[in-house]
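Breakdown of the fold
Chain residues, written in single-letter form:
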Amino acid sequence: MLRLLVASAHVPRPTSSGPGLHVSARFRGVPRSTRVVPEEHSPIWNETLVWPLGMCPLQPTASLTLRLRHWGPAGTPGGPRGHHGFTGPVRVRIIKGHQLQGNDIKPVVIVLIGQHRFRTRIRVGNNPYYNEVFCQNFYLTLAQLVVEPIRIQVLDSRATRAKAVIGIFQLPPICDEIQLAILSGSRSSKVLGTAVLHLSQISSRGPLASYPASDPASSPSTVLGRTLPGSSAPDTKVAYRGRVLLELSTHMRTPDGCQQATIAPEDVTRVQCHLPRHRFGLCGVFYSATMVPAGPELLRFELSLGNYGDMGDVTCKPAASVTPHGCPLFDGNRYHYLPWYGDKPVAAVTSSWEDASHRWDALNLLHALCRRLERNVAELRGARGDMVGDIGRRLLRQLAQDCGRALPRLEAQPTPTPLDTHLRATRLHVLRCMAAAAAVPPRAGWDTLLPVAEGWLGRVTALAVEPQAGVPDVLLWLLRGERRVACARVPAADIMFSRSGPGACGQLCGRIQTLFLVGSGDICAQLRLRLWLGRVADSKDLPRHLEGTLHVYVEMYENQTKLLGKWGSRGLLGRPSFSDSAGKAGLPCHRIQPPKGWRWKGPWTVEPQRRLLLDTETNMGEVLEDVYENESRQPSGEWGPAAVASTDAHSTEAAGAEAWEYGSLWGRRFHLQPRTGDVCRRRCWHRGMVPTQPPPVAPLFLLEGSLGMEDLAEEDKPAVAEQQAQDPVAHVSFVHVSQSTQVLPGTRDPLWDQTLIFHRVLLYGDPRGVWDEPPTVVVEVFDQDKAMFGWMWGTGSPPGSGVTHCRDRGGPAGELLAAFELLGVRAPSLEVQCGGQTLRTPTITDLAANPNFPINAFLLMLHLPAEEEYVPPIRLRVLDMRDFGYRPEVGQACVRGLGQYCCQPHGKGQPPSSGTPQTSSGGLLPGSAAPWGRIAQLLPRITAKIGAEGKAAEEKKEADEDEGEEDWWSKFYTAMGDKTKSRQGTSGDRLKIYSCELEAVPDFGGLQDFCQTFPLYQPGGHPEAREDPVPVGEFKGLFCIYPLPEDPEVPPPPRHFQQLPPSQPQKCLVRVYIIRAFDLPPPRQERAGKCDPYIRVSLGTKTLGQRDQYVPNTLEPVFGRLFELTGTIPLEKDLRVTLLDYDLLPPDQEIGTTTIDLENRLLSRFRAHCGLPTVYRTTGPGYWRDQLPPSQTLEHFARTRGMPAPEFSAEGTTVTFGDHTFLLSQFESGPSASRQPEAPRERLALHVLHACHLVPEHLETRTLYNSTQPGLEQGKVQMWVDIFPASLGPPGPPVDITPRKPQRYELRCVVWNTRDVDLKDINLLGQRMSDIYVTGWLDGLEEQRQKTDVHYRSLQGDGSFNWRFVFPFEYLVAEQLCVLLRKEHFWSLDETVLKVPPKLILQVWDNDKFSADDFLGVLELELTRLPQPAQRPQDCTPMAQETPQSPWPWRRVQTPSWFSLFRQRRARGWWPCTVQEGGKRRLSGKVELSLELLTAKEAEERPVGKGRDDPNMYPTLPAPARPEWSFLWLQAPLRSLRYSICQQHRCRISLTLALLLLFALLLTFVYATPGYLAMKLVNPLQNLHLAGSEHQAAGHHAASVAKP
């Protein structure tokens, strides 16, 4: 796997041609691209691009093309579009939900990344807060990665499964494939075979494409395959299942609704008649087979092309597609091989296919053009000077020749498809354009040819594809007995022969190649063979290319067993007397007849069993044995044959003409010499065959149908357990011999340092061909007595070295270093060669005590050309002083591009500087001594910028006063741009956060301005001659090239490198500040799990960091840790920061490591050992921590650069530095300047230091890497390092970066009343009512849920409670988040720290006794953003969720006012409750609340009880004034009836009684009236008499009253 890290770029002048920049790379025709970043002066990516190498190792001519491009305005790059593919982690962060649909829901988010499923925690409410990260690593190719979808589902965990889905959305993959599948039966889902069509290969866009994507394209034949069970290798997991004839076309119209239709049979017949078939022959010559499985089972190889040659297929005639059975032999060390010796088996398969030679020829011609163009481009990339022109001319000449070869005309095809026509037109167009361009040399010079040639290569590579694959791939199977063990695939086009010439043939046609047969992810065999495929009519000259004589013979085994001391064919126990090598029945020799067209060549002969020789003789070309012929005297006196015809020197019977093989049992291994206990034997009979007449084609293709068939068993599925290696041993295999290294116990980083020599290895074939294509050397690393944990391969000619990535079935398994290292060097010296001159440095006497040279500056006078292109490189050689004057070369390097080291000599009166070459920059560089006057030019801008920033900081400080004093974290969050967490003022103190390593910041030049690091490589080869050379050491130094006067009377200028630090090692105090880490991968055991990371810092032999100081259950830990170490630089220069995952049982798993070179930071002229703060302070958190105050630092800065010391005024407000005067008022202005108590001298010196563009107080982001997954990012860590040399005195106090501690708060919520609450129930009289109660909790603290009592029988939605909720919680004031500690599971050992926004959730419910309570409404109040409550219930309206936007800028929209309860502390009023209905929220009630927030101390001083419990104070809550009928009806049924009837219907009852009384009076009147009237009518005189009597009585009474 090839990995490319794209860090950053330097753009001299940013243009406006595009909104962003990206880097595109191409390797082996596969493009990759980084993300698009905004265009700026120094864009930063820090991305890793990955190319899987597969089974093809890197070649010496391999090249990698990089381009920096603009991203177009329409979303397209300024050139061919690159794929944003990568192999690595995919992260998904779920932050929060907003306005989820539903009432009283408990949402959970399900995330599906590819086929991997993750889930979040269950939350409560419609606006849940998660902030969870899920990560999944993918080890796929780009084509496989882009089709992986990401699906996100939001479910309600409380609802049933059918109603649980709240919402689903999916990030669509990039569709580039059409997959075809053939199923078994009409309704069955069993897949018989699949095939894939790539849209990018049958469609095209752009100016070079002659056919758009909408044109029809057809594929005459598509290979179908099926994944075999137990196979994991991507190249060997498909077995041939058949072909399908199809036509594919696209149209720009609306479909008519017809999904499928039946093709007429006559149409099928008409198409097939235009596809005539021809006979094709496949030949394979097997030279060697090693690394095969051991055991008594016989092995053989099968060569097949589709169904042809497959011994398990009965539809095709049998063919000579398998090698003879062979018993594997042990090579004496590790592996087994098949003993073929000088007689190499040959397999031949004859098949019938459509003649698509026009496609194969065109494809192979383009491949040949690509290979030669790729080699020339690689040479052109590494050429220098005149070689650029020579290689460029050769490239153009060869490119013109390749383009001049006419592609096969498609008119030869009877019915060429439209896709063939479009491909041919596009290819011809591209080749003609390239030929025309290659005919003219580049006008802008040969240096501009490289990008143009790379563009040509990309275009041709994109066209070198053939989607219409009519012939399947060639399959090579390893058969172990009757089982298929391993397989390898070879594309048919790579071995296809063409009559058009060698250029149209496949690159592997007739050439020896090495194949690895892989089964279940492991190498099961290494096969060296030669393959040829072509039409049988073109195979006449095939035997001439086989480098040997072809023999065709019949093989048969004669079997005998031993009974009663005699050998015979009786008692074979089921084994026939004549059989094949596997024991299957066959005919006797005298009954076998040659096939038709063949005749016998000679009699039957016994084969000498050379394969049964001793293992020690397997590598010999000839074997000489002494055999004695024995005779005995007959009674007649004549000599005759003895009983034992021949013996050896020890009178042991020798293997003569009979050549029997003996064995103890059938199926066991046979041997030549008879032994005691042998009961069976066999011998092999051979008889050659030749054609009756000389055929016009190769004879081996005439054997079809003359052989038997064999049944094949199912594929074997061996399993290899993955084990962690502890006792590694390496096994090296070369052809059929192997050796092993020693076993190193108890290590996972073995260091063997061992040389293995293979003596007298026989290689068959042409010596020149063997030299061009040598056998492959295979190295497998095993754990002793355990399973293999890695394997690799690499060629060995010419002998090379380097780091090779080991692989196992799961992917990368480490790295193997096969190179010389700089070990055992005692007294090295450096030799510098340039322009024919040589400079030798003194020897370093004690490398372990002081690796610096005793003399640091050297002068070498050279005569160099003025043109940079002709300047020779500088060659570095490191020699080691050994005994007896022996000085071996242990390392070398070559330094090119010397223009970067050119500088001007110092003037006569100018003080000499340290000699750092000047670079072009926009400001004052600390490495140059001359341009100090640019401070005056930059001063107006610097002072204006500083003054504006100071004024803005002052205004922000006055407007953003907050409680508590400032801390370092406020400065950190201010720099991060998170205003919610940086509310505390920073008093103008700023922090610079770099998104990359400090070495990757372009302004600091990799911190190699004082001395650069040159890697040293092993002697014997140039580092550029090979891919990825492995350094064996490094040399640190710097070169400075400047002209000298030609006049000898003119004195030379002052020498450079005069002001150098002492060469003795320095003892330093190193402070490492680790702030936080993010984007950490989850543990490998659980994809959705969390890590328990902790830090380990090591410098030399010192290591700090304890296991128990881990942060539990997080992927984004905040450490806030400080580590102090002491070390001697450069002896201990590499600082390693490692993050490990804490496990209950060690060892802990390493997450990632980053390494920092402290020597570069200490020696850098950018002053990288301690960043410069913005403000000078002597008190408070920002206390000056450097060893020297700013004034002394400025003096030291001037002294190291040979400048005069700065001169300060008495008041310290003026300084003269570099012939310029600076005033403090120019840097500081406003009222904040008068309030700074620090000395003005130090403040002014600090401002001048900042004007020199030194490293400011910063925080760098470093990428973590793991050796088990090289090149893949394992997260990032933010940190900084301070280095304090002991010679400068003690440093200041360290910075306190302890993480903020949460404060204890208590929220008191009093629920007073409710109004207009929805009425859910209906009483006995049909009235709507609700039994109201309120429940509440803080978000994330559901276990602290509290509820009020029930207000029964509310008829108007009014409720009275006077109930107090008390919620204690921990709160981070600066971050405005609540801190929750809880265990995720009951088996969790540690509590997980969760941070959620402070949110009060209140719900209004209707109480039911015999059913579930009814949900009436919810109220969610964020305590940091509370809406202003209404003072009257009629003014309470639903809160606006978003601020409305007015289309007119002059029209102001009234927005609700918000406030923070943490500032106001108290609030009371009416807030609205809402409910979800029909996808919208409506008002469902109003709640009167009073909220009070207290600190823990205030809550302790003013205790209260929950509800109305004691102490009932602050305020005192009386019992609620509820109506008399507000009670539970079960407690007093009669009273309930009284209140439900009498109280509520009093008026109606009174009115009813009055009406009843009136009705009774009316009835009485009606009843009495008839009698009274009758009495008056019957006796009227009585009434008169009665009236007269009454009148007289009245008169008497009046007279009596009147008498006196």
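Think of each chain on its own: its residues are numbered from 1, step by step along the sequence as written. Local features in this predicted model are restricted to residues whose pLDDT is 70 or higher, and side-chain atom pairs enter the listing and the counts only when it is 80 or higher, whereas totals over whole chains, interfaces and linings include all residues. Just so you know, side-chain values use all the structure's heavy atoms and leave hydrogens and water out.

1. Describing the overall build of the protein
Of regular secondary structure, the protein possesses 20 helices and 71 strands. In the protein, buried positions account for 46% of the 1604 residues. In what follows, a contact means two residues having at least one pair of non-hydrogen atoms within 4.5 Å. Pairs at least 24 apart in sequence give 65% of the contacts found in the protein among residues at least 6 apart. With the model as given, the accessible surface of the protein reaches about 82900 Å², and the carbon-plus-sulfur share is 55%. Working definition: helices are DSSP H or I runs of at least four residues, strands are E runs of at least two. Numbering for both runs from the N terminus. Three exposure classes are used, based on accessible area relative to the maximum for each residue type with a 1.4 Å probe and protein chains only: buried under 20%, partly exposed in between, and exposed over 50%. Accessible areas in this description were obtained via Shrake-Rupley with a 1.4 Å probe; residue shielding takes into account the shown protein chains only.

2. Some thoughts on the pattern of salt bridges
For this analysis, a salt bridge means a side-chain nitrogen from Lys or Arg found within 4 Å of a carboxyl oxygen belonging to Asp or Glu. Applying the stated criterion to the full structure yields 55 salt bridges. Through salt bridges with shared partners, one network takes in E1034, K1036, K1133, D1134, D1157 and E1159.

3. What about the sheet that holds strand β54 (residues 1214-1217)?
Spatially, β53-β54-β55 is the arrangement adopted by the 3 strands of the open sheet, whose pairing is antiparallel. Edge positions in the sheet fall to β53 (1207-1208) and β55 (1220-1223), since each has one partner strand and no second. Paired strands are those between which DSSP finds at least two bridges. Where β54 meets β55, 4 bridges bridge the pair, whose relative direction is antiparallel. Looking at the pairing, F1217 lines up with H1220 of β55. Between the N-to-C directions of two axes lies an angle of 0 to 180 degrees, each axis being a line fitted to C-alpha atoms and, for a helix, fitted only over the stretch in contact. Against the sheet, helix α15 (residues 1240-1251) makes contact with β53, β54 and β55, and its axis sits at roughly 40° relative to β54, the strand it touches most.

4. Comments concerning the environment of L751
Inspection of the secondary structure puts L751 in the loop between β35 (737-740) and α8 (767-772). As a C-alpha pair, L751 and L816 span 65 residues in sequence and 9.9 Å in three-dimensional space.

5. What to know about the pairing of strand β40 (residues 828-834)
Burial of β40 is extensive: 6 of the 7 residues sit out of reach of the surface. Note: β40 against strand β41 (residues 837-840), 4 bridges, orientation antiparallel. Along β41, the bridge assignment pairs C834 with Q837.

6. Overview of helix α6 (residues 418-438)
Here α6 spans 30 Å end to end across 21 residues, near enough to the 30 Å set by a 1.5 Å rise per residue. What α6 keeps buried is the set L419, D420, H422, L423, R424, T426, R427, L428, V430, L431, M434 and A438. Every helix has an expected span of 1.5 Å times one less than the residues it contains.

7. What about the packing of helix α5 (residues 386-404) against helix α7 (residues 449-463)?
When two helices pack together, you describe them by how their axes are tilted relative to each other and by the distance separating the axes. Where α5 contacts α7, the two axes come as close as 11 Å, and the packing angle between them is 30°. Comparing the axis directions of α5 and α7 gives the class roughly parallel. For the crossing formed where α5 meets α7, the hand is left-handed. Contacts from G392, L395, L396 and L399 in α5 reach L449, A453 and W456 in α7. Each residue is assigned to one class: nonpolar for Ala, Val, Leu, Ile, Met, Phe, Trp, Tyr, Cys and Pro, charged for Asp, Glu, Lys and Arg, and polar for all the others, Gly among them. Residues of the contact of α5 with α7, tallied by class, amount to 6 nonpolar, 1 polar and no charged. Orientation labels follow simple angle bins: below 35 degrees gives roughly parallel, above 145 gives roughly antiparallel, 65 to 115 gives roughly perpendicular, and whatever is left gives oblique. Definitions for this section: a left-handed crossing has its near helix turned counterclockwise from the far helix by less than a right angle. A right-handed crossing has that turn clockwise.

8. As for the packing of aromatic side chains
Centre distance within 6.5 Å is the pairing criterion for rings of Phe, Tyr and Trp, where only the six-membered ring of Trp is used; planes under 30 degrees apart are then read as stacked, over 60 as edge-to-face, and the remainder as tilted. The tally for this structure, following the rule as stated, stands at 34 aromatic pairs. Pairing F497 with W532 gives two aromatic rings, centres 5.5 Å apart and planes at 35°, and the pair type is tilted. Of this pair, F497 sits in the loop between β23 (483-490) and β24 (512-519) while W532 is found in strand β25 (residues 522-535), placing the two residues 35 residues apart along the sequence. Overall, F497 belongs to the partly exposed group, its relative accessible area being 29%.

9. Describing a nonpolar patch on the surface
Patch membership requires over 30% relative accessible area and the absence of a salt bridge. Like charges are linked within 9 Å, and nonpolar side chains (Val, Leu, Ile, Met, Phe, Trp, Tyr) within 5 Å. Side chains of F1559, L1562, L1563, F1565 and V1566 sit close together on the surface and give an oily, nonpolar patch of about 530 Å² of accessible area. You can see V1566 is positioned in helix α19 (residues 1546-1578).

10. Describing α19
Look at α19: 50 Å from first C-alpha to last across 33 residues, which is about the 48 Å you get at 1.5 Å a residue. Axes are fitted to the seven residues ending at a residue and to the seven starting at it; the angle between these axes is taken as the bend at that residue. At T1569, α19 shows its strongest bend, of approximately 25°, with the proline P1570 following within four residues.

11. A few points about the sheet that holds strand β12 (residues 165-171)
In space, the 4 strands of this open sheet follow the order β9-β8-β11-β12, with antiparallel pairing throughout. Two strands in the sheet have a free side with no partner beyond their single neighbour: β9 (116-119) and β12. Here the average twist between neighbouring strands, direction ignored, is 15°. Looking at chain direction, strand β8 (residues 107-113) and strand β11 (residues 150-156) are connected through 7 bridges and run antiparallel.

12. Here's the deal with the environment of P691
The topology assignment puts P691 in strand β33 (residues 680-691). Along the chain, P691 and W598 lie 93 residues apart, while their C-alpha atoms are 4.3 Å from each other. In this structure P691 touches G597, W598, R599 and P699, once residues within four positions along its chain are discounted.

13. Some thoughts on the packing of helix α4 (residues 357-382) against α7
Put simply, α4 and α7 touch, their axes get as near as 10 Å, and they point 155° apart. Classified by the angle between their axes, α4 and α7 sit roughly antiparallel to one another. Read as a crossing pair, α4 and α7 show a hand that is left-handed. Of the residues in α7, those in contact with L366, L369, C370, L373, E374, V377, L380 and R381 of α4 are L449, L450, A453, E454, W456, L457, V460, T461 and L463. Here the contact of α4 with α7 is built from residues that sort into 13 nonpolar, 1 polar and 3 charged.

14. Description of the state of the cysteines
Count a disulfide wherever a pair of cysteine sulfur atoms falls within 2.5 Å. Scanning all chains against the criterion turns up 0 disulfides. This cysteine, C902, is not joined by any disulfide, and C903 carries the nearest cysteine sulfur, 7.6 Å off. Taking relative accessible area as the criterion, C902 reaches 41% and is therefore assigned partly exposed.

15. Overview of unusual backbone geometry
Along the chain, I1129 connects to P1130 via a cis peptide bond; the corresponding omega equals 15°. Position of P1130 among the secondary structure elements: in the loop between β50 (1118-1129) and β51 (1134-1141). For H1253, which is not glycine, the phi dihedral falls at a positive 60°. Positive phi values are uncommon outside glycine, yet R1465 reaches one of about 70°. Relative to the assigned elements, R1465 resides in the loop between α16 (1461-1464) and β70 (1466-1477).

16. Observations regarding the side chain of E1242
By the secondary structure assignment, E1242 is in helix α15. Ignoring sequence-local partners within four residues, the contact set of E1242 consists of Y1176, P1189, P1190 and S1191.

17. Let's talk about the environment of R119
Mapped onto the elements, R119 comes out in strand β9. Residues R119 and E132, 13 residues apart in the sequence, show an inter-C-alpha distance of 9.4 Å. If we skip the residues at most four places from it in the chain, R119 touches V108, V109, I110, E132 and F134.

18. Some remarks on the side chain of T1314
One can find T1314 in strand β58 (residues 1303-1315). Not counting the four nearest positions on each side in its chain, T1314 is found in contact with I1332, V1334, G1357, D1358, G1359, F1361, W1470, K1486 and V1487.

19. A short note on the confidence of the model for the protein
Here pLDDT means the predictor's own confidence in every residue, given as a number from 0 to 100. Mean pLDDT for the protein: 77, with 76% of residues reaching 70 or above. Per-residue pLDDT stays below 50 along residues 226-236; that stretch engages in 30 contacts with residues further than four places along the chain or on separate chains.

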